[in-house]
Amino acid sequence: MTEVVPSGDNTLLADAVAMRKVGRLERFLGPENYRVLVGLFKTPASIVGFALIVLFVAIAFLAPWIAPPLNPNDPYKIPRDGFSAEPRPMGSEWRVRPPDLPVWWKPIMKTDQWVHILGTSQGQYDVFYGVIWGVRTAFKTGLIVVLSTFLIGVVIGSVSAYYGGLVDNIIMRIVDVFLTLPFLLAAMILAAVLTPKIGRSLVPSILALIAFGWMSYARIIRGDILSTKERDYVMAARVIGVRDSRILFRHILPNAIFPTLVLASLAIGDVTLSFAALSFLGIGTEMGYADWGQVLSFARNWIISLDQYWYIVIWPGLTLVLFVMGWNLLGDALRDILDPRMRGKT
Amino acid sequence: MPTNNNQNGEVLVKVNNLVKYFPVRAGLFQRVVNHVKAVDDVSFFVRKGETLGLVGESGCGKTTVGRTMLRLIEPTSGAVTFEGRDVFSMKPRELKVARRDMQIIFQDPYASLDPRVPIGESVMEGLHIHRIGTPKERMDIMLETLKKVGLETYHSRRYPHEFSGGQRQRIGIARALALRPRFIICDEPVSALDVSIQSQVLNILKDLQAEFGLTYLFIAHNLSVVEHVSNRVAVMYLGKMVEMTSREELFRNPLHPYTQALMSAIPVPNPRLKRQRTILKGDVPSPLNPPKGCRFHPRCPVAIERCAHEEPPFVEVSPDHWAACHLVQ
């Protein structure tokens, strides 16, 4: 038998046990949330989703260069090339008052002639322009609606969970009532009522989507706060003498808000779709405003001859689909990663 | 007679007839249909500088007693006095001041630290709340307190998930200690830890008690742990106090049949030793509907008829030895 003399240096052990460096971000988020974040950048679906969203962000920022507006002070107005009802095919030349030529056009096409790349829709609205500037509208409405509903939901849900008892009961019954209303119909009616009062713009639809979109956030944050507030560290803070508001904002909310945050980040796609549905039905923005729902609605009268005029519905429709798909792919990936059974597999 | 040099010591905390009922609600209108009688008329006291062990099986109300004493749970009735001041009638501001003196260590070290706050800040939070010292001084107190529980300076910036269970429990102790309290409720501080870590934490608690003159209420269900740390021991059963005396007296001469049964359940590391074991029949009754008379009588091996309808009072049967049993009075 050989005797093993411990040498005292642990280099072998150190090699065998891989030391993992814990980064600043991981420390801040905690191992669980960090795993979610890393997972998001490793799942194929979410990479595609990210790529799509990054592409759309780039388009939104570069819109004035991709499709220069006719009037820089009113860029959301889709330029018209005459007033004739019949759509004109892709690549047809721009006859009446063309906007400035975009900088990328000449080097690629070797011509000074600005054309309707994706054709014109009913009323000679330029489809390409509507699709490009519609990205900005989509982000604007999506972000405003999601941010507002998130804040409203978090405040209402926190109040409900924090006070509990009767207050909680009343608030949650109100939430129940709101949830029984069919979302799109309710939003449509409210937006239709608001439009004559505040004029045609993005505002009526945004308000309507906010009014009927906050409930799920309120419910989720309420549940998470209720479970977090029973944890021992909340009790420990109370024993130390920490004020209730500080306990809520420092110890409860940061630990309870993550699932709600995830939900909010995924809702942008849904909101965009609902907004497009409203403006397809002619509610909200004025005629000729660059949003996808409106561009699609120009195709309504040409449904029976879409084999000929397919480009007036395919391009805005495809853009909308890709935009929503980007967010949904991200959402699917996030849901998979959040599933505890998937732990350690990404 | 118990030979306890603390026997005539000054009383720091006194609990009188503490009652806590949790309402049970049901139905559409959430009407109160019943009460869980978690703590029902419990009285005891803790002397300055001693450790009072509070034992009993799961669900007997030990933890509720501890949390109610700190007003983490509002009591149904009764009184707790800390140095002669009534804790239950304190206004929020007085309570905040009083909490500098009364702290708690929790059972589960994984749940008792906020996962998003570096542990140094957790330990410092109390100092910040009570506006003790400058930020620099607070930092010094925090680092010193961490050192007292065997942690290093560089640990202070780390997050709870980077520590082991024993380390976290020591951080919990440091947090309770940072305000330099005089009374700490230890709510099963070692029952979630490995046996090898238990003694380490218990010894830290003992050292700190000697250094800072702390008084402990040590809640536990493990009798050997209680024997290791306590000067006196109180035994609870189903929301009631059944016996309280010095550690030596309790282990040598338990009076209440429930305590005797507990004692006979302590494992002895000698397989040849033949022991008289008292095996209790049945389960602990529901605190929703506790038995009439003595709460222990349905399981008591020596119950007499009187036990079934008359509740025994908790009285001092011999000097410094309280018990609630008809047979020993």
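In this report, we go over the structure that sits alongside the text. Along each chain, numbering runs from 1 in the same order as the chain's sequence is written. To label them, take the chains in the order written and letter them from A, then take the ligands in the order written and number them from 1. Only residues with pLDDT of at least 70 are given local features in this predicted model, and only at 80 or more are side-chain atom pairs given and counted; all residues enter the totals for whole chains, interfaces and linings. Computation of side-chain values covers all heavy atoms of the structure but excludes hydrogens and water.

**As for the overall build of chain B**
Turning to step 1, where the next piece is worked out: A count of helices and strands for chain B gives 10 helices and 12 strands.
Turning to step 2, where the next piece is worked out: Taking 20 Å as the expected radius of gyration for a compact globule of 329 residues, we find that chain B reaches 21 Å, a close match to that expectation.
Turning to step 3, where the next piece is worked out: Taken along the three principal axes of its C-alpha coordinates, chain B extends 65 × 60 × 40 Å.
Turning to step 4, where the next piece is worked out: For chain B, the proportion of its 329 residues judged to be buried stands at 51%.
Turning to step 5, where the next piece is worked out: In this description, contact between two residues means that some pair of their heavy atoms is separated by no more than 4.5 Å. Sequence-distant contacts, at least 24 apart, represent 64% of the contacts inside chain B between residues at least 6 apart. Each helix is a run of H or I in the DSSP string that is no shorter than four residues. Each strand is a run of E no shorter than two, and both are numbered from the N terminus. Values of the radius of gyration come from C-alpha atoms, whereas the globule rule sets the reference at 2.2 Å times the count of residues to the power 0.38. Relative accessibility under 20% of the residue-type maximum defines a buried residue, over 50% an exposed one, and the middle range a partly exposed one, all with a 1.4 Å probe and only protein chains included.

**Here's the deal with the side chain of His155(B)**
Residues and elements named next belong to chain B.
Turning to step 1, where the next piece is worked out: Following the sequence through the fold, His155 ends up in the loop between helix H4 (135–148) and helix H5 (165–178).
Turning to step 2, where the next piece is worked out: A relative accessible area of 9% means that His155 is categorised as buried.
Turning to step 3, where the next piece is worked out: Excluding anything up to four places from it in sequence, His155 contacts Ile119, Phe163 and Gln167.

**Quick look at the nonpolar core**
Residue and element names in this part refer to chain B.
Turning to step 1, where the next piece is worked out: Put simply, a nonpolar core is a bunch of buried Ala, Val, Leu, Ile, Met, Phe, Trp, Tyr and Cys residues held in one set by side-chain atoms that sit within 4.5 Å of each other. Ranked by internal contacts, the top residues of the largest apolar core, which has 64 residues, are Leu205, Leu208 and Phe218.
Turning to step 2, where the next piece is worked out: Considering every element that reaches this core, the biggest residue donor is H5, with six residues.
Turning to step 3, where the next piece is worked out: Residues within four places of Leu205 in sequence aside, it is in contact with Ile105, Ile173, Cys186, Pro189, Tyr216 and Phe218.

**Describing the interface of chain B and chain A**
Reports of interface size often rely on the accessible area that becomes lost once the parts have come together.
Turning to step 1, where the next piece is worked out: Taken together, the contact pairs 29 residues of chain B with 22 residues of chain A.
Turning to step 2, where the next piece is worked out: A buried area of about 2,400 Å², summed over both sides, lies between chain B and chain A, and 54% of it is on carbon and sulfur atoms.
Turning to step 3, where the next piece is worked out: Using a 1.4 Å probe, buried area is obtained as the accessible area two parts lose upon being combined, added over both of them. Ranking the residues of chain B by area buried against chain A places Leu72(B), Arg116(B) and Glu125(B) at the top, with a combined share of 27%.
Turning to step 4, where the next piece is worked out: For this analysis, a salt bridge means a side-chain nitrogen from Lys or Arg found within 4 Å of a carboxyl oxygen belonging to Asp or Glu. For the interface between chain B and chain A, the tally reads four salt bridges.
Turning to step 5, where the next piece is worked out: Here Glu125(B) ties to Arg246(A) by a salt bridge, and the two come within 3.0 Å at their closest N and O atoms.

**Looking at the packing of aromatic side chains**
Residues and elements named next belong to chain B.
Turning to step 1, where the next piece is worked out: Working definition: a ring pair exists when centres of Phe, Tyr or Trp rings (six-membered ring for Trp) sit within 6.5 Å. Plane angles under 30 degrees give stacked, over 60 give edge-to-face, the rest tilted. Scanning the entire structure with this criterion turns up 27 aromatic pairs over all chains.
Turning to step 2, where the next piece is worked out: When the ring of Phe82 is compared with that of Phe183, the centres are 6.3 Å apart and the planes differ by 40 degrees; the resulting orientation is tilted. Here Phe82 is found in strand S4 (residues 77–82), whereas its partner Phe183 is found in strand S7 (residues 183–187), with 101 residues between them in sequence.
Turning to step 3, where the next piece is worked out: Accessibility expressed as a relative area gives 1% for Phe82, which makes it buried.

**Details of a positive patch on the surface**
Turning to step 1, where the next piece is worked out: A contiguous patch of positive charge, built from Arg243(A), Arg93(B), Lys96(B) and Arg131(B), is present on the exposed surface.
Turning to step 2, where the next piece is worked out: Overall, the relative accessible area of 53% leaves Arg243(A) in the exposed class. Within the patch definition used here, like charges are joined within 9 Å and nonpolar side chains (Val, Leu, Ile, Met, Phe, Trp, Tyr) within 5 Å, considering only residues with over 30% relative accessible area and no salt bridge. In this description, accessible areas are obtained by the Shrake-Rupley approach with a 1.4 Å probe, and a residue is regarded as covered only by the protein chains that are shown. In summary, the charge assignment counts Lys and Arg as positive and Asp and Glu as negative, without counting His or the chain termini. For charged residues, the charge sits on one atom: NZ in Lys, CZ in Arg, CG in Asp, CD in Glu.

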